[in-house]
Amino acid sequence: MDLVATVFLFLVPYATELNPLTTLFYDTIGLPGVLLAGTIYAVLVVLIGYVLSKPVDGVFLIGVAAVYGVCATNNVVLLLFREPIVEQLVL
C-alpha cells in the first residue's frame, strides 16, 4: 500500500515525498527508483527483525514499525484528501 501511495506521490502535482532517499532514487532513475527504495526498506525491516531477539529489541522494532505505519497512512490520506493527516487531526 505504501509503495503504491509513494509512486502516486511522484505523479500528482500537489503532493511531495519527504523521504530524501526515495526522492534521490526517483531523481536518479525515475519510478523504478521508488520501487528500489521500497524494496530496500522492506529488506531492512526483515533483516532487523531477524537480528533483534531480546524483548526490548522487539519493543524497538514495534515502535519503528508504528512510525512507518503512520508515515504510510499519511501518504495515502494525502493522496485521497490533498491534506496531510496531521492537518486533518489538528484542524
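Just above sits the structure.
Residues numbered from 1 in each chain as written. Predicted model: local features only at pLDDT ≥ 70, side-chain atom pairs only at ≥ 80, totals over all residues. Heavy atoms only, no water.

A.B. asks: So what's going on with the overall build of the protein chain? Residues and values would help.
C.D. replies: Of the regular secondary structure elements, the protein chain holds five helices and zero strands. Mapped from its N terminus to its C terminus, the protein chain presents α and β elements in the order α-α-α-α-α. Burial status across the protein chain gives 22% buried among its 91 residues. In the protein chain, of all internal contacts separated by at least 6 residues, the share reaching a separation of at least 24 is 43%. When the accessible area of the protein chain is evaluated, it comes to approximately 6,400 Å², of which 76% is carbon and sulfur surface. (Helix = DSSP H or I, 4+ residues; strand = E, 2+ residues; numbered from the N terminus. Buried < 20%, exposed > 50% of the residue type's maximum accessible area, 1.4 Å probe, protein only. Contact = heavy atoms within 4.5 Å. Areas by Shrake-Rupley, 256 points an atom, 1.4 Å probe, with all protein chains shown as cover.)

A.B. asks: Please give an account of a nonpolar patch on the surface that cites residues and values.
C.D. replies: A cluster of nonpolar side chains, namely Val-4, Phe-8, Leu-11 and Leu-31, defines an oily patch on the protein surface of about 350 Å² accessible area. The biggest single contributor to the nonpolar patch is helix H1 (residues 2-11), with three residues. Along the polypeptide, Leu-11 turns up in helix H1. Owing to a relative accessible area of 48%, Leu-11 belongs among the partly exposed residues under this scheme. (Patch = residues over 30% accessible without salt bridge, like charges linked within 9 Å, V, L, I, M, F, W, Y side chains within 5 Å. Salt bridge = Lys/Arg side-chain N within 4 Å of Asp/Glu carboxyl O.)

A.B. asks: For the packing of helix H2 (residues 20-29) against helix H3 (residues 31-51), give the residues involved together with the corresponding values.
C.D. replies: The geometry of H2 relative to H3 is characterised by a closest axis approach of 6 Å and an angle of 145° between their N-to-C directions. In this structure, H2 crosses over H3, and the sense of that crossing is right-handed. From H2, Leu-21, Thr-22, Phe-25, Tyr-26 and Ile-29 reach across to H3, where they touch Leu-31, Pro-32, Gly-33, Val-34, Leu-36, Ala-37, Ile-40 and Tyr-41. Here the contact of H2 with H3 is composed, by residue class, of 11 nonpolar, two polar and no charged. (Axes fitted to C-alpha atoms, helices over the stretch in contact; angles between N-to-C directions. Left-handed = near helix turned anticlockwise from the far one by under 90°. Nonpolar A, V, L, I, M, F, W, Y, C, P; charged D, E, K, R; others polar.)

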